[in-house]
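Remarks on the overall topology
Each chain is listed here by its residues.
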Amino acid sequence: MRALIVVDVQNDFCEGGSLAVPGGSFVAQSISGWLTINSGEYAHIVATQDHHIDPGRHFSDHPDFADTWPPHCVATTPGAEFHPDLDTSRVEAVFRKGEHAAAYSGFEGTDEAGTPLADWLRVRGVDEVDVVGIATDYCVHATAADAARTGFATRVLLDLTAGVAPDSTARAIEDLRAASVELTGTVHGGKPA
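So, here's what we can say about the structure. (Residues numbered from 1 in each chain as written. Predicted model: local features only at pLDDT ≥ 70, side-chain atom pairs only at ≥ 80, totals over all residues. Heavy atoms only, no water.)

1. Overview of the environment of arginine 122
Selection rule: Numbering of helices and strands runs from the N terminus, with a helix taken as a DSSP run of H or I at least four residues long and a strand as a DSSP run of E at least two residues long. Residue exposure (1.4 Å probe, protein chains only): buried if accessible area is under 20% of the type maximum, exposed if over 50%, otherwise partly exposed. Contacts between residues were defined by any pair of non-hydrogen atoms, one from each residue, lying within 4.5 Å.
With respect to the helices, strands and loops of the structure, arginine 122 is situated in helix α2 (residues 117–123). Assessed through its relative accessible area of 43%, arginine 122 is described here as partly exposed. The sequence separation of arginine 122 and phenylalanine 152 amounts to 30 residues, and the corresponding C-alpha distance is 9.4 Å. Apart from the residues within four sequence positions on either side, arginine 122 is in contact with Thr150 and Phe152.

2. A short note on unusual backbone geometry
For the bond from isoleucine 134 to alanine 135, the omega torsion is -5°, close enough to zero to count as cis. As for its placement among the helices and strands, alanine 135 is situated in the loop between β4 (128–134) and α3 (136–149). Phi is positive for phenylalanine 65, which is not a glycine, with a value near 60°. We classify phenylalanine 65 as partly exposed; its relative accessible area is 44%. The phi angle at cysteine 73 is positive, at roughly 50°, despite the residue not being glycine. The exposure class of cysteine 73 is buried, given its relative accessible area of 0%.

3. Looking at the nonpolar core
To keep it simple, the criterion reads: The term nonpolar core refers to a set of buried residues drawn from Ala, Val, Leu, Ile, Met, Phe, Trp, Tyr and Cys, joined through side-chain atoms within 4.5 Å.
The biggest cluster of nonpolar side chains holds 27 residues, and the ones touching the most others in it are Ile5, Phe107, Leu121, Val129, Val131, Phe152 and Val156. Mapped onto this core, the elements with two or more residues apiece are β1 (2–7), β3 (93–97), α2, β4, α3, β5 (153–162) and α4 (166–178). With 5 residues, the top contributor of residues to this core is α3. With residues up to four places along the chain from it excluded, the contact list for leucine 121 reads Ala3, Ile5, Phe107, Val126, Val129 and Phe152. One finds Ala28, Cys73, Val132 and Ala135 within the second-largest nonpolar core, a separate group that totals 26 residues.

Below you can see the structure in the form of structure tokens.
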């Protein structure tokens, strides 16, 4: 049984946001278009959301853009909301992460009931996942790597992702390839697979 994991398609990660990724808005639209045509391929569709309250050293007034970042996706702000071009009507559950610490993987998140993503998927018989969203080289990479490590057959639909930078995106793709994650398509803002 296959599920789709939509990673962090939030206002702050799209053009005009506090930590915008080039192509983020296009990815939001593209995922919505994909779901219009392909939602029947998935038994379940979930999303992840950066949801920072006080993530400690994750935020910095002088970020290094590797371990520290400008404030983004602060809980209850418009920047933390899903991008308006992302159709969330098919999303069954949202897994929020990073409230009080840095969190890149959707598998660090929990739903409203406190259920971790891996447990939620397993209870529903999911054994395969497709991963899409923002950013290819950070949260998509971490989510897909954790999915594979946790035993899910994992595929990243690169056409439905956006990378922060070509070099870090290329490294993320190589890392996922080495972890036997299936990769299809081409990243927006990154390097072809």
